[in-house]
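Here's the letter readout for the chains.
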Amino acid sequence: EHMMRMVVVLLSVMMVCVLLMDATVESTAEFDPYKVLGVTRSASQAEIKKVYKRLAKEWHPDKNKNPEAEDMFIKITKSYEILTNEEKKASYDRYGQTDNAHPYGRGHHGFRHFHDNFYFDESFFDFPFNNKGGRDFANSKYMLHFKQYVNEVVPDSFKRPYLIKITSDRCFSCIHFEPVWKETVQELETLGIGIGVVDVGYERRLANHLGAHQTPSILGVVNGKVAFFHYAVVKGHLMQFIEDLLPQRLVEKVTDKNNQEFLKSWHELNKPHVLLFDQVPSVPLLYKLTAFAYKDYVQFGYVDQGLSETTDLLRKFNINTYAPTMLVFKEDVEKPADIIQAKGMKKQIIDDFISNNKFLLAPRLVNQKLFDELCPVKQFHRRRKYCILLITGEEESFATGNEAFLSLASTSTNDVLRFAYVYQRRQQPLCDVLLKNKDSTPPQVVILERRNGAGKILYKPVLGGWNGSKEDKHKLLEELERLQKHPSILNCDAVLPELNNEFTSMFLIRWIYTAYDYLSEIIDDLLHNNCIIYSHLKKMFFSPSSRPPKKNFVEVTELTDITYTSNLVKLRPGHINVVLVLTDSTKNILLSKFAKEVYSFTGSLTLHFSFLNVDKHSEWMAAVLEYAQDAMQIDTDEEEVGIRKVDYTGYVLALNGHKKYLCLFKPVYTGEDLDSKPEEEGGGSRYRKGMTRSRSTSLQIHHKLDRLGLWIERLMEGTLPRYYVPSWPGLDKITVNK
C-alpha cells in the first residue's frame with residue numbers, strides 16, 4: 001500500500017511537470033512576431049517597418065488607455081526588433097527562438113534547443129537565490145525606482161556617469177556575468193561612478209522609460225542621455241564603455257609648445273587651470289571623471305612625463321617624476337596657486353583639492369550660477385559673505401585699475417570677503433541697478449550682501465570711483481574694516497536682475513533689427529495686399545502670448561554635439577526647446593523670420609530656442625522623425641521617399657527632453673490659390689489630394705515659417721500631437737564631417 005501511494009504521488013508530480021511544460025511551450029508558441037505585426041513570412045523590410053509604425057502609434061500606452069496596451073506595445077516593439085534583425089529572424093524561423101535574452105512581459109521565448117525534441121526553459125526552474133524573493137542581496141543597495149531615477153540619478157549624471165543593470169528574478173542568464181559585474185562595480189565605485197540596478201519585476205515603468213526591453217541589459221547614463229552596452233561582459237569592456245560615455249575634449253594634452261596658450265586662457269574662460277603630471281601616456285580615468293564633475297568651474301590639462309616635448313615643463317615647475325603631481329594655476333600663469341603630490345591619487349584627495357580651488361582670486365561674474373556661489377545668500381549673522389564688486393570695462397584704458405583690483409584680491413585673507421568684477425557692457429541691466437541715481441561712470445567699486453534668493457541686496461558704493469591708485473586702495477580697505485564692525489553701513493537696497501549668461505553660444509537678433517525687417521516686409525507686401533498691414537501690426541504690438549516679452553532680443557542657441565545634451569536633456573521638467581531646422585544657405589533668412597514669430601513668447605520661462613544645421617546633422621533629423629512616427633511619413637510610399645530626398649529646411653521641433661517627446665511643425669503653404677489651401681495638422685500641413693507636390697517644393701524660404709506663432713500657441717496650450725521617443729539619438733555619433 002505504501003508503494004502504491006508513492007507511485008501515485010510520482011505519477012501526479014510527473015503529470016504536473018508535463019502540464020507545466022506544455023503550458024510553457026504553449027505560452028511561448030503564443031508569441032509569434034509575424035502574428036503580432038500581422039505580416040507574412042515573406043513580408044519585405046519596408047512592409048514590416050510600415051506596419052510597425054502604425055501599430056506602435058495605435059498601442060502606445062500614453063495614447064491607448066486599454067489596460068493591455070503596455071504589454072501589447074512591448075510585444076510589437078519586440079516583434080519589430082526580431083523581424084528586422086537577420087540573425088534573430090533566422091533563429092526564430094528555424095527554432096522558434098531568438099537568443100538567450102529573456103524579454104520581459106507576458107511569457108518568455110528564450111528556449112534552448114536540447115537534443116532533438118526537447119526544449120528547456122530556464123525560467124521553469126525559477127528558484128529564489130536568497131531570502132529576498134530572488135533579489136541578490138549585493139544588488140539591493142543599488143536598486144532604483146522611477147522617481148529616484150528622475151529626481152536623483154538624472155540630475156547627478158551631469159556630474160558623474162552611471163552604470164545601470166537591467167535584471168529580473170526570472171533572468172537565469174543574468175547570473176553568468178554576475179561575478180564580472182560585482183568586480184567591476186567595486187572598482188568603479190572607488191572612482192565615483194554611480195551604480196544602479198533595475199528589477200523589471202518591480203520597476204517595469206522605469207525599464208520602459210530607459211528603453212530597456214530585455215534582460216539582461218547594461219546601460220550608461222551621462223548628462224541625462226542613455227547609451228546601451230553591446231559588447232561581451234568583461235571588466236575591460238565595461239571600463240572602456242564608461243570612458244567612452246564621457247564628453248570629448250574634457251582634458252587637453254599639454255606640452256612645452258602649447259603650455260603658455262593653455263594657462264593664459266584663464267582670462268577668456270574665466271576659470272582656474274589644473275595640470276596633472278603623470279608617467280602614463282593616456283589620461284587616467286579618475287582624472288577624466290574629475291574633469292567631468294568640475295567642467296563648469298575648472299579647465300583641465302594633462303602632461304605626459306614620458307614625452308620629450310614636456311622636458312621644459314618638468315624642469316620649470318620642478319616636478320617629481322616618481323609620483324603624480326597636480327598643479328592649479330589662477331591669474332598668475334608663472335606660479336601655481338596650489339600643489340598636491342601623491343603616489344596614490346585617491347578620489348577624495350583630488351575632490352578636496354579641486355573644491356578648494358574652484359574660483360579665480362577675482363573672477364568675472366559671467367552668469368547667475370557663479371554669482372550665487374561666490375556671493376551666497378545670508379543665512380544668519382555668522383555666515384555673512386560680502387561681495388566686493390568692480391564694475392569696469394574691457395578696453396585698455398581700464399587695464400591699470402583692473403590689475404590693481406586683482407592685486408588687492410590676491411592679498412586678502414579674509415574668508416568672508418569675495419572679490420569679483422563685471423564688464424558693464426556685458427551685464428548692463430545689473431550695472432544700471434547698482435549705479436542708478438549716481439552721477440558716476442565705471443570703473444566703480446560696490447560692496448554688497450545678498451539678502452534673499454529673489455535678488456534683494458544691501459549695498460554701498462565706494463565713493464570716488466576706482467582707478468587703482470594707493471588712495472583708492474586705502475579708501476576701500478577702510479570701508480571693509482568698517483564693514484566688519486558695522487554691517488549697517490550697507491545703507492542702500494535694490495533688487496538685482498538675473499545675470500546674462502556670457503558663455504552661451506547664441507545667435508542674437510536685436511529688436512531694432514526685427515522691427516526694421518517687419519517694416520520692410522510691410523512695405524513690400526503693401527504693393528500686393530493692404531490687409532497685410534493689419535496682420536503685421538497686430539503681430540508686432542498685440543502679443544499672442546499671455547506673458548510679455550522678457551528681453552528685447554531673441555536668444556537662439558545652435559544645437560551642436562557640444563550643446564546637445566545640455567539643451568535637450570538638461571532642461572528641467574516642463575521645459576521645452578523649440579528647434580528651428582535650417583541650412584547654411586537659409587540660415588540668415590530663417591533665423592530672422594524665426595525671431596519674429598517667437599519674439600512674443602520670449603517671456604515664457606519654460607521655452608528655449610535653438611537652431612540645428614541640417615547640412616551637418618541630416619541623419620539625426622531622419623532618426624528623430626523615424627521615432628516620431630509621423631502620420632504623413634507613415635502614409636508615404638517607402639520607395640518614393642528613397643527616391644525623393646526629404647527637405648527638412650524650415651521644420652521646427654519642440655523637444656521635451658525630460659518626458660522624451662516632440663511636437664512637429666512643417667512648412668506651411670500660404671499662397672493665394674484658394675483651391676489649394678492646406679489642412680492643418682499639428683501646426684504643420686498635409687496637402688489635399690488635389691494639390692500637386694510641385695507647389696510644396698516651390699514654397700519660398702521666407703514663407704516657410706508662416707503660422708509658426710499660432711503653432712507655438714497650441715504648443716503652450718498642450719493641444720499639439722506628441723510623438724514619443726524611446727531614447728534621443730546621439731548628435732555627436734552621426735555628425736557629418738564636411
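In this text, all values refer to a predicted model and were calculated from it rather than measured experimentally.

Engineer: If you had to explain the overall build of the protein chain to someone new, which residues and values would you point to?
Structural biologist: The number of helices and strands found in the protein chain is 28 helices and 25 strands. When each of the 738 residues of the protein chain is scored for burial, the buried share is 47%. A sequence separation of at least 24 residues applies to 73% of the contacts in the protein chain between residues at least 6 apart. Surface accessibility of the protein chain: about 38600 Å² in total, with carbon and sulfur atoms responsible for 53%.

Engineer: Which residues make up the pattern of salt bridges, and what values do they have?
Structural biologist: For the structure shown, the criterion picks out 22 salt bridges. Ionic pairing is found between Glu502 and Arg364, a salt bridge with its closest N-O pair at 3.2 Å. A residue pair is termed long-range when its members are at least 10 positions apart, and Glu502 in the loop between strand 16 (492-495) and strand 17 (506-510) and Arg364 in the loop between helix 15 (347-355) and helix 16 (368-374) qualify at 138 residues. Here Glu502 and Arg364 have matching classes, each one buried.

Engineer: Which residues make up the sheet that holds strand 3 (residues 162-167), and what are the values?
Structural biologist: Pairing is mixed in the open sheet, where four strands are placed in the order 4-3-5-6. Strand pairing shows two members of the sheet lacking a second neighbour, strand 4 (194-199) and strand 6 (225-228), which therefore form its edges. Averaged over all pairs of adjacent strands, the angle between their axes in this sheet comes to 25°, without regard to strand direction. Here five bridges tie strand 3 to strand 5 (residues 217-222), and the two strands are oriented antiparallel to one another. Across the sheet, residue Leu163 finds its bridge partner in strand 5, namely Gly220.

Engineer: Account for unusual backbone geometry, with residues named and values stated.
Structural biologist: Most peptide bonds adopt trans geometry, and most residues besides glycine take a negative phi value. With an omega dihedral of -5°, the bond running from Thr215 to Pro216 counts as a cis peptide bond. Structurally, Pro216 can be placed in the loop between helix 9 (204-210) and strand 5. Pro443 follows Pro442 through a cis peptide bond whose omega is 5°. Turning to its location among the elements, Pro443 is positioned in the loop between helix 18 (428-434) and strand 14 (444-450). The backbone of Asn223 shows a phi angle near 55°, a positive value even though the residue is not glycine. Phi at Asn318 is positive, roughly 55°, even though this residue is not glycine. By secondary structure assignment, the location of Asn318 is in the loop between helix 14 (311-316) and strand 10 (325-329).

Engineer: How would you summarise the pairing of strand 5 if you had to cite specific residues and measurements?
Structural biologist: Strand 5 sits mainly inside the fold: six of its six residues count as buried. By the alternation rule, side chains of strand 5 split into Ser217, Leu219 and Val221 and Ile218, Gly220 and Val222, which are all buried. Pairing of strand 5 with strand 6, which is carried by four bridges, proceeds in the antiparallel orientation. The partner of Val222 across the bridge, within strand 6, is Lys225. Where strand 5 hands over to strand 6, the hairpin turn is made up of two residues, of which Asn223 adopts a positive phi near 55°.

Engineer: Which residues make up the state of the cysteines, and what are the values?
Structural biologist: Per the stated rule, a full pass over the model turns up one disulfide. A sulfur-sulfur distance of 2.2 Å marks the disulfide that ties Cys375 to Cys387. With Cys375 in the loop between helix 16 and strand 12 (386-392) and Cys387 in strand 12, this pair connects stretches of sequence that are twelve residues apart. Residue class for Cys375 comes out buried when judged on its relative accessible area of 3%.

Engineer: Describe the packing of helix 3 (residues 45-59) against helix 4 (residues 69-83), with residues and values.
Structural biologist: The N-to-C vectors of helix 3 and helix 4 enclose an angle of 165°; their axes lie 10 Å apart at closest approach. Relative to helix 4, the element helix 3 lies roughly antiparallel. The way helix 3 lies across helix 4 gives a crossing that is left-handed. On helix 4, the residues touching Gln45, Ile48, Lys49, Tyr52, Leu55, Ala56 and Trp59 of helix 3 are Ala69, Met72, Phe73, Ile76, Thr77, Tyr80 and Leu83. Classifying every residue of the contact of helix 3 with helix 4 gives eleven nonpolar, two polar and one charged.

Engineer: Go over the packing of aromatic side chains with me, naming the residues and quoting the values.
Structural biologist: Scanning the entire structure with this criterion turns up 13 aromatic pairs. Ring centres of Phe229 and Phe241 lie 5.3 Å apart, and the angle between their planes is 70°; on these two criteria the pair is classed as edge-to-face. Of this pair, Phe229 sits in the loop between strand 6 and helix 10 (235-245) while Phe241 sits in helix 10, placing them twelve residues apart in sequence. Residue Phe241 is classed as buried on the basis of its relative accessible area of 8%. Each ring, one from Tyr297 and one from Phe359, has its centre 6.0 Å from the other, and the planes form 85°; the classification is edge-to-face. Of the two residues, Tyr297 sits in the loop between helix 13 (285-293) and strand 9 (299-304) while Phe359 sits in the loop between helix 15 and helix 16, which places them 62 residues apart along the sequence. Just as Tyr297 is buried, Phe359 falls in that class too. Aromatic rings pair up to connect Phe229, Tyr231 and Phe241 into one cluster. One residue, Arg205, lies across the ring of Phe146, its end atom 3.7 Å from the ring centre.

Engineer: Requested: an account of the side chain of Lys330, with residues and values cited.
Structural biologist: Inspection of the secondary structure puts Lys330 in the loop between strand 10 and strand 11 (338-341). Despite its burial, Lys330 pairs with no opposite charge, the nearest such side chain being Glu331 at 6.7 Å. Of note is the side chain of Lys330, whose polar atom sits 3.2 Å from the backbone oxygen of Phe359. If we skip the residues at most four places from it in the chain, Lys330 touches Trp266, Pro272, Ala337, Asn356, Asn357, Phe359, Leu360 and Leu361.

Engineer: Can you explain the nonpolar core? Please cite residues and give values.
Structural biologist: Ranked by size, the top nonpolar core spans 67 residues in total, and within it Tyr287, Phe300, Met326, Ile354 and Leu434 carry the most contacts. The element that contributes the greatest number of residues to this core is helix 13, accounting for six residues. Leu434 has contacts with Leu389, Ile391, Val446, Ile457, Tyr459 and Leu496, leaving out every residue within four places of it along the chain.

Engineer: I'd like a description of the packing of helix 8 (residues 178-190) against helix 10, backed by residues and values.
Structural biologist: At a minimum axis distance of 9 Å, the contact between helix 8 and helix 10 shows a crossing angle of 45°. Here helix 10 runs oblique to helix 8, going by the angle between their axes. As helix 8 runs across helix 10, the sense of the crossing is right-handed. Contacts between helix 8 and helix 10 involve Val180, Glu183, Thr184, Glu187 and Leu188 on the former and, on the latter, Lys235, Leu238, Met239 and Ile242. Residue composition of the contact of helix 8 with helix 10, grouped by class: five nonpolar, one polar and three charged.

Analysis parameters
Residues numbered from 1 in each chain as written. Predicted model: local features only at pLDDT ≥ 70, side-chain atom pairs only at ≥ 80, totals over all residues. Heavy atoms only, no water. Helix = DSSP H or I, 4+ residues; strand = E, 2+ residues; numbered from the N terminus. Buried < 20%, exposed > 50% of the residue type's maximum accessible area, 1.4 Å probe, protein only. Contact = heavy atoms within 4.5 Å. Areas by Shrake-Rupley, 256 points an atom, 1.4 Å probe, with all protein chains shown as cover. Salt bridge = Lys/Arg side-chain N within 4 Å of Asp/Glu carboxyl O. Pairing = 2+ DSSP bridges. Axes fitted to C-alpha atoms, helices over the stretch in contact; angles between N-to-C directions. Disulfide = S-S within 2.5 Å. Parallel < 35°, antiparallel > 145°, perpendicular 65-115°, else oblique. Left-handed = near helix turned anticlockwise from the far one by under 90°. Nonpolar A, V, L, I, M, F, W, Y, C, P; charged D, E, K, R; others polar. Phe/Tyr/Trp six-rings, centres within 6.5 Å; stacked < 30°, edge-to-face > 60°. Lys NZ or Arg CZ within 6 Å of the ring centre and 35° of its normal. Lys, Arg positive; Asp, Glu negative; His and termini not counted. Polar contact = N/O pair within 3.5 Å; in protein donor to acceptor, adjacent residues only side chain to side chain. Core = buried A, V, L, I, M, F, W, Y, C linked by side-chain atoms within 4.5 Å.

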